[in-house]
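Structure assessment
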Amino acid sequence: MDIIKKTEELVSPILEEHGFSLYDIEYIDENREKILRVYIDKDDGITSDDTALVCRFLSDRIDKEKSFINEAYTLEVSSPGITRALKKPEHFIKSIGKDVEFKLFSPISYTEGGKEYKAREFIGILKGYEKETDIVTVDINDQEITFKRSDLASIHLWIDF
C-alpha cells in the first residue's frame, strides 16, 4: 500500500474536523531515518498546538492500521512555513504574483546589462502557471522566462528579510 496515499486518507478527516488543510506529505530518508512528514495549513497560520493536535490524532489512527508502515519511522506534523515549497499545481496557482526562489536542474543563459550569464538559481516573481501544460512563468529583472515544472529542482516562496 502507498504510505503517502494511506496517510492522506487517515489525516483528511482530522484536518477537516479542525478546519485545517493538507499542504503536502513526504515519506523520506533523512539521516538514515525514515520520516513521515505531514504539512498542514490554514488561512491564519498554524500553531504548535495545531501540529501537536493533528500529530496525536494521526498517530492514533496509524497505530490502529496494523501493517500500514512496516519499518521504524518518525511522524512529524508541521506547517509548510512562510518560505514554503511549491510542489502541487494548486501551490503554484495560489502563489502567482509572489516572489519565489528557484533552482533548475540545468543552467540557463540570460542577458543582464549587455552581458551573457549562465545560472541555475534565481529569484523572481511567479507570473503564471499553466496546469494543462505544466508550464511555469517567472519574471526575473523584467524578463519573463517560461519552463516546464519538471525542469525545477526546487521552488520556494522568497521572503527578503
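Summarised in this report is the structure supplied together with it. (Residues numbered from 1 in each chain as written. Predicted model: local features only at pLDDT ≥ 70, side-chain atom pairs only at ≥ 80, totals over all residues. Heavy atoms only, no water.)

Notes on the sheet that holds strand β4 (residues 99-112)
The line we're drawing: What makes two strands pair is DSSP finding at least two bridges between them. The way it works is that DSSP assigns letters per residue, a run of H or I at least four long becomes a helix, a run of E at least two long becomes a strand, and they are numbered from the N terminus. Between N-to-C directions, angles span 0 to 180 degrees; the directions come from axes that are lines fitted to C-alpha atoms, helices contributing only their stretch in contact.
Judged by pairing direction, the sheet is antiparallel, and its 5 strands sit side by side in the order β7-β6-β5-β4-β8 without closing on themselves. Where the open sheet ends on each side, the last strands, each with one partner, are β7 (143-148) and β8 (152-157). The mean angle between the axes of side-by-side strands here comes to 45°, regardless of whether they run parallel or antiparallel. Pairing between β4 and strand β5 (residues 115-130): 10 bridges, direction antiparallel. Its bridge partner being in β5, Tyr110 is matched across the sheet by Tyr117.

Thoughts on the pattern of salt bridges
We apply this condition: The term salt bridge refers to a pairing of a side-chain nitrogen on Lys or Arg with a carboxyl oxygen on Asp or Glu at a separation within 4 Å. Burial status follows relative accessibility: with a 1.4 Å probe on protein chains alone, a residue under 20% of its type maximum counts as buried, one over 50% as exposed, and anything between as partly exposed.
Within this structure, the stated rule accounts for 11 salt bridges. The partner of Lys87 in a salt bridge is Asp24, and the shortest N-O contact between them spans 3.0 Å. Here Lys87 is found in the loop between β3 (74-78) and α3 (89-94), whereas its partner Asp24 is found in strand β1 (residues 21-30), with 63 residues between them in sequence. Judged by relative accessible area, Lys87 falls into the partly exposed class, the value being 35%. Between Arg37 and Glu26 there is a salt bridge whose closest N-O contact spans 3.3 Å.

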